[in-house]
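Observations on the model geometry
Okay, here's what each chain looks like letter by letter:
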Amino acid sequence: MQGFHIARTLLAMTALAAAAWTTVPSALAQQPPALAAITDSAERARVEALIEGAKKEGALSWIGVQIEPGHAEPIIAEFKRYYGLNDLKGEYTYAATGAIVTRVEQLLKAKRNNFDIVWNASWAWYKDLLKRGEIMQYESPHYAAYTLSDKHGMSQKGYWVADAYAFAPVYNTVALEKHGIKNFNPTSWKDFVDPRLTGQVALIDVLISTSAAPVLDGVVKVMGNDWLTALGKVKPTLHSKAAQGRDWVGSGEFAVAMFNSPKDALSLQQRNLPTKQVFPKEGVVLIPFAPIIPKSAPHPNTAKLFVDFVRSAYGTQAMMNAGSLLFFGRPGVKPKYPDVLPSSEEVKAIPFNWDTEATNATIKKFRDRVRAVGIGSKS
Amino acid sequence: MHDARRTIPDASSQGVDVSNRSVAVKVERLVMSFGTVHAVGGIGFDVVPGSTVTLLGPSGCGKTTTLRCIAGLEMPTAGRITVGGHVVFDGENGIFIEPERRNIGMVFQSYAIWPHMTVGGNVGFPLAISGVPKRQAEERTRAVLDLVGLGELQGRSAADLSGGQQQRVALARALVHEPRVVLFDEPLSNLDANLRERMRTELQLLQSRLGFTAIFVTHDQEEALSLSDHIVIMNKGLIEQTGTPQDIFKNPETAFTARFLGYSNVFPGRLAAIGDAGSVAVDLGEGRRLSARWRSRSPPRQGADCTIAFRADRVALMPANDPAGGNAFPGVVETVAFLGTCFDYTITSGAVQVQAEGPVDHPVARGQAVSVAIAPEHCHAFAAED
Amino acid sequence: MTLAQTVAHPLRIPLLRGHGFLIVAIIYAGLAVSVIYPLLAVFVQAFSEGAGLSIEKIQEVFTTPNIIEAVFNTLIISVLTVVMAGTIGVMLAWLVARSNMPLKRILDPLNMVPFYLSSVVGALSWQVIAAPRAGLLNSLFAPFFDTPPFNVYSVGGIALVLGLFYTPYVYLFTLGSLQSMDASLEDSARMSGASKLQTAIRITLPLSAPAILSACILVFVTAAGIFGVPLVLGVPGSVHTLSTLIYRAINEYPADFATAAILSSALFLFTAIFTVVQIMILRGRRFTTVTGKGYRPRQVDLGRWRWPAVGVNTLYLLFVIGPFIALLLVSFQDAWTGAFDWARLTLANYHKVIFVDAIAKRGLINSLFISTIGATIAVAVCMLLALVVHRTRLPGREGLSHLAMVPVTVPGIVLGLGFLIALITTPIYGTLWIIMIAYIVHYLPTGLRNSESLVQSVSRELDESARMSGATWRGAMWRIVVPLVAPGMVSMWLLLFVTYIREVSSSMMLFTFGTETISIALIQIMEYEPYGVSGAFGVLQTVLVLACVAFIRQVSSPRQSNA
Ligand SMILES: Nc1ncnc2c1ncn2[C@@H]1O[C@H](COP(=O)(O)OP(=O)(O)OP(=O)(O)O)[C@@H](O)[C@H]1O
Ligand SMILES: [Mg+2]
């Protein structure tokens, strides 16, 4: 199986090279790189039809989290170039996970959805949309290569394959030293419930955030209830949004932010702040993050082409290069910042079943356990 | 001279009262209530074209309200108002003509000069509104301003005019579109005494020249007497008396009117005897008795309480035992004040204090005993006020 | 001449002429739809979980510990805010209006500056200053304390920022009443043997009490329903208020409209009760102090307290403006580590806000659109209302002004929720218009109060003389009243414009992607961008508003000086 995928990847690479080559001499053929890479005539016809449709539609609107506005623009630009959609007006809206749910739900309720692509990290919501028939069925030919997504249980046949991001601890060495903690070289989740860190830990509010609760739940699953008790003992301060944790640990307000994404860690590092991120040896929970096409998408052809693009080998690498620090669900994407982000193949994932372990009931039960160790109560 | 637009259209011809063509303004059974306050309690009067009628009365008696009802600025509770033969308000038939279509001019107490316009803009406004061509309007404005003596102020901002100037501008504005009727709400009360007198004369001159009908509101009796052809005396929303100034001044019908017209001697008494042709004898107590004319509409009753009134200038001070003083009683001069044209005396007679005037060439000394004499025709007796 | 009979029996007058009656009916309908209907929608939603009346849900909501805590937080925040804004506002107003404090001419306009600033940006600035560990103040005081003395992520922090930013309301109301007060009232107290202080406390303050009280209630209601500041300062430390819980209920998945509606109803009840209390206290006392006789109020000699008074006033300004300066510093730093660092100097934050984050630009354009058009419509609507109420005798006109005052009791977030529930299936949902209408309705009382006092300031005789000159009602209003109050209308427009620009609460409920306002954009940017970027946007927003204010003041000032 693996060999087949490597072959596919190689094929794509060659196509890419060919595409690059064809564009160099002044428009040898007016053919977009995407078509040049396709050998199968049926597939070619399908893509050509989509391109024709997309040209008529002329626009793509995409709402998502994790991929920052500055990173989305190059992706859209690449997409346009790849399919020769020069006149396409691509628009990206960046918002928090919960905000996406709220606004899209309100738009759906008002029957005024204007998004072609929804790219969120809310598994339960996706499942709900699926049940309500709000998601367009589409099986991109590139889905077949998304073996890691399948392996981690993040794929939905006929609808989506997912990349993932993960939350891992970030710490500020200067702030730690200020509090007398030197030579802090954590490798395990255990190191972050060290009693010396009492009062220095920021934790995303798992009592409110529905996406954060399963992440902590997963860690507790591998670390045991004692670890949760120890976490309660360091009296973490809850914050509602990931960016708050990032800024707190960056400014030294807190020495440790328990759950931040590699994207956050990178942004701190790039600003020369004395912070480090660790992926603990026990693993992290991978949070599925997939693009879907709403059934009510105003530009369905463009949406399908876009999904093709961002699931292709070329597109995923383009995303990575643009700065999307994701664990791609397809093997072979080369990390751009290897020191910050382990590759998808390397990262140790805590097994987590998003269908059964992230239901309202399990989250509620888990929150009770969190409260029981004193997290969230004012001291 | 009237613009077509300003005459009341035929649509209201049902309201034209042919029999009243000779009446400029007719007010009938006018009632105006503000909630529970009955500002006007059902009054009526007529105004002859070209004449001046003054509504006279103390503060709060409903003068302004009546005027505003005629203007159309208040919606009366009931009654009927006719202006120039056209019914402008009729409570029973639901007729109400908007103020701007009544062709009435009005000078407000505050003058209501629009500070954001020039003097010319203020005065020319009525013409501009009725669509008079600009040149013509300007000429007419100029003419009216000249008439009130402000010709050179046409282009000035109206924001900083003196009181007298404002008054003239307001007058010019009220006259410029040649209304049939002009209403004045205490137009002179904001001016100082000198100016007031001058404006009074000017107003009269203007009126005789332009021939408009004027309804005038004031609580100054002197102003009322000097300006009016007719006076309507109001009290608590009702009419006390109407008549020509001389008529009213000579023959007040109620003690209220008498007092209001400057009768400084008003005393309670009792009807001691009733003679013929309205002559009565009034007992003022302690043996003081005066013959008087009965003025009230109700017939006199012997022994009933009454009020007697006479003016200070009608009092003659006689030597104490002068037998000539028939209608008199004795008293002592208490105070003497020199007023330039006359002397002013206070005479005490038991519980009664009489105001009297005497000529400058025959002064009476303080403390002197005198006889207070009044001719019976200058002594007015009324039914007692309640 | 005839003497009329005095029969004063009331006659039936069928005088429902013209379109006046129709206009009143239309205004009533408009107000009912825009004011009452959204409120009803909230109530209906609150009481109908699924089918029929539901009490269980209400019980469930009010036994949740989180929510009880939020109710208390809301109450405490409102009370602290009023106490603070009331004390500072009255004190500064008295100093400016009635004392010989030096530098008054400079301090007076400066005291109004916080009014033009967004309290959300203020909250952001205070974060820079008084975050428990990385805040400037705390770094400064760290050597003297074991634990950081200032924690802005708290009930006290929220109330502090609100108190500072709502002081100008009390200040303005009190100043107006003090300046129009008949000086002889105070003089006679002095002649009766009262000292300066006794006069101030026993005569001056009680006479201003109606004005102070109305301002305080306004501040109380606003603080109870405010959303932006608790979101910025409360949520990070898990300090919740009713407003943030309402927001959360709508923004979790699945959205819990029932809880949001129940909490909104509770919040509305809370604010309505206080407003009713205000009306009861103020009944019949409203205009007692305003005599406008032209007496110049006498100034109290502060003696050696003159300069300390300047100090107090400056301290207040420092509390407001200081944090903004800190924010300005932060906006030029690539990362904030608790102190300014020359090595971190950058323009990248501004670059990002202006050129990269589309939402910032969008928010700016949207807000300018909504505020410009909205303020214009609102001024027109309020003027029309005021003219109908004060310059006609149409039946039912007084009821109009009462009805239009209802939104004063409705917190923005509740109104926003009402509009959301009521209008989500209509085509105006998801447009800028729904936000604009919500703003207009929400601040109708502000506008109406303004326009009513403008209209009342024009003597009736001025337009009546126009009627007597042949002008129709419309002509008299348009050519006399409106030109006379035009400068006041410009100020009113500016007031509404600034208010709209700062609005957070109802927009938060009503925006969708593409219709973010400037405040929403700021909150969204704060969601994911570091302090520096949010700071840059906050600075831009502040500069923009102040520039607009200065510009419009400049443009309209020659006319203003005329009136
Ligand atoms: N708009 C109103 N609402 C209620 N009451 C009113 C109104 N206008 C007048 N009144 C009352 O009606 C009565 C008559 O008022 P009006 O203004 O006609 O008096 P006036 O004779 O003009 O007095 P003045 O000489 O003081 O001008 C007064 O008692 C006054 O208080
Ligand atoms: Mg009057």
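No experiment lies behind these values; they were computed from the predicted model shown.

Things to note about the domain arrangement of chain C
Residues and elements named next belong to chain C. If you check the domain split of chain C, you get domain 1 (18-49 + 343-563) and domain 2 (64-282 + 304-330). Between the C-alpha centres of domain 1 and domain 2 there is a distance of 23 Å. Listed per partner, the contact involves 40 residues of domain 1 and 39 residues of domain 2. In this assembly, domain 1 and domain 2 are joined by zero salt bridges. The interface formed by domain 1 and domain 2 includes four residue pairs in polar contact (both at pLDDT 80 or more). Listed by contribution, the elements that provide at least two residues to the side of domain 1 that touches domain 2 are α1 (20-47), α14 (348-356), α17 (412-423), α21 (473-502), α22 (505-510), α23 (518-528) and α24 (531-562). Here the side of domain 1 that touches domain 2 gets twelve residues from one element, more than from any other, and that element is α24. Its residues placed into classes, the side of domain 1 that touches domain 2 shows 26 nonpolar, ten polar and four charged.

Let's talk about the packing of helix α3 (residues 65-98) of chain C against helix α13 (residues 306-331) of chain C
Residue and element names in this part refer to chain C. For the pair α3 and α13, interaxial distance at closest approach is 11 Å and the crossing angle is 135 degrees. With respect to their mutual orientation, α3 and α13 come out oblique. Crossing of α3 against α13: the hand is left-handed. Here Ile-88, Met-91, Leu-92, Leu-95 and Val-96 of α3 lie close against α13, whose contacting residues are Ala-309, Val-312, Asn-313 and Tyr-316. Looking at the contact of α3 with α13 residue by residue, the class counts come to eight nonpolar, one polar and no charged.

Observations regarding the sheet that holds strand β13 (residues 279-285) of chain B
All names here are of chain B. Taken together, five strands build a closed barrel; the order of strands is β12-β13-β14-β21-β15 and the barrel is mixed. Averaged over neighbouring strand pairs, the angle between their axes works out to 50 degrees when direction is ignored. Across four bridges, the pairing between strand β15 (residues 305-310) and strand β21 (residues 380-383) is antiparallel. When the bridges of β21 are listed, Ile-308 appears paired with Ala-381.

Description of the packing of helix α2 (residues 119-129) of chain B against helix α4 (residues 163-175) of chain B
All names here are of chain B. Close contact between α2 and α4 brings their axes to 7 Å; oriented N to C, the two are set at 25 degrees. In terms of orientation, α2 lies roughly parallel with respect to α4. The two elements α2 and α4 cross, and the hand of that crossing is right-handed. Touching Val-119, Asn-122, Val-123 and Pro-126 of α2 are Val-169, Ala-172 and Arg-173, all from α4.

Things to note about the site of ligand 1
Residue and element names in this part refer to chain B. Taken together, Phe-34, Ala-39, Ser-59, Gly-60, Cys-61, Gly-62, Lys-63, Thr-64, Thr-65, Glu-186 and His-219 make up the full set of residues near ligand 1. One nitrogen or oxygen atom from the main chain of Gly-60 is found 2.7 Å from an oxygen atom belonging to ligand 1. One of the backbone N or O atoms of Gly-62 is found 3.0 Å from an oxygen atom in ligand 1. Protein contacts shield 61% of the accessible area of ligand 1, which totals 630 Å² for the unbound molecule. Its residues placed into classes, the shell around ligand 1 shows three nonpolar, six polar and two charged.

With respect to the environment of Arg-311 of chain A
Residues and elements named next belong to chain A. On the secondary structure map, Arg-311 appears in helix α13 (residues 300-311). Look at Arg-311 and you get buried, because its relative accessible area is 0%. Put simply, Arg-311 and Val-161 are 150 residues apart on the chain and 8.2 Å apart in space, counted from C-alpha to C-alpha.

Description of the pattern of salt bridges
Per the counting criterion, the structure on display carries 39 salt bridges over all chains. Notably, a salt bridge pairs Arg-362 of chain C with Glu-91 of chain A, separated by 3.8 Å at the nearest N-O pair. With Arg-362 of chain C in helix α15 (residues 358-391) and Glu-91 of chain A in strand β2 (residues 89-94), this residue pair bridges two chains. Judged by relative accessible area, Glu-91 of chain A falls into the partly exposed class, the value being 36%. Close ionic contact of Arg-140 of chain B with Glu-178 of chain B constitutes a salt bridge, the shortest N to O distance being 4.0 Å. Separated by 38 residues along the polypeptide, Arg-140 of chain B in helix α3 (residues 134-147) and Glu-178 of chain B in the loop between α4 and β8 (181-185) bring together distant segments of the chain. Take Arg-140 of chain B: its relative accessible area is 17%, and that puts it in the buried class. Overall, Glu-178 of chain B belongs to the partly exposed group, its relative accessible area being 26%. Connected via shared salt-bridge partners are Arg-68 and Glu-74 of chain B together with Arg-393, Arg-460 and Glu-464 of chain C.

Reading the values: the criteria
- Residues numbered from 1 in each chain as written.
- Chains lettered and ligands numbered in written order.
- Predicted model: local features only at pLDDT ≥ 70, side-chain atom pairs only at ≥ 80, totals over all residues.
- Heavy atoms only, no water.
- Domains from an automatic or database assignment.
- Contact = heavy atoms within 4.5 Å.
- Salt bridge = Lys/Arg side-chain N within 4 Å of Asp/Glu carboxyl O.
- Polar contact = N/O pair within 3.5 Å; in protein donor to acceptor, adjacent residues only side chain to side chain.
- Helix = DSSP H or I, 4+ residues; strand = E, 2+ residues; numbered from the N terminus.
- Nonpolar A, V, L, I, M, F, W, Y, C, P; charged D, E, K, R; others polar.
- Axes fitted to C-alpha atoms, helices over the stretch in contact; angles between N-to-C directions.
- Parallel < 35°, antiparallel > 145°, perpendicular 65-115°, else oblique.
- Left-handed = near helix turned anticlockwise from the far one by under 90°.
- Pairing = 2+ DSSP bridges.
- Near = heavy atom within 4 Å.
- Areas by Shrake-Rupley, 256 points an atom, 1.4 Å probe, with all protein chains shown as cover.
- Buried < 20%, exposed > 50% of the residue type's maximum accessible area, 1.4 Å probe, protein only.

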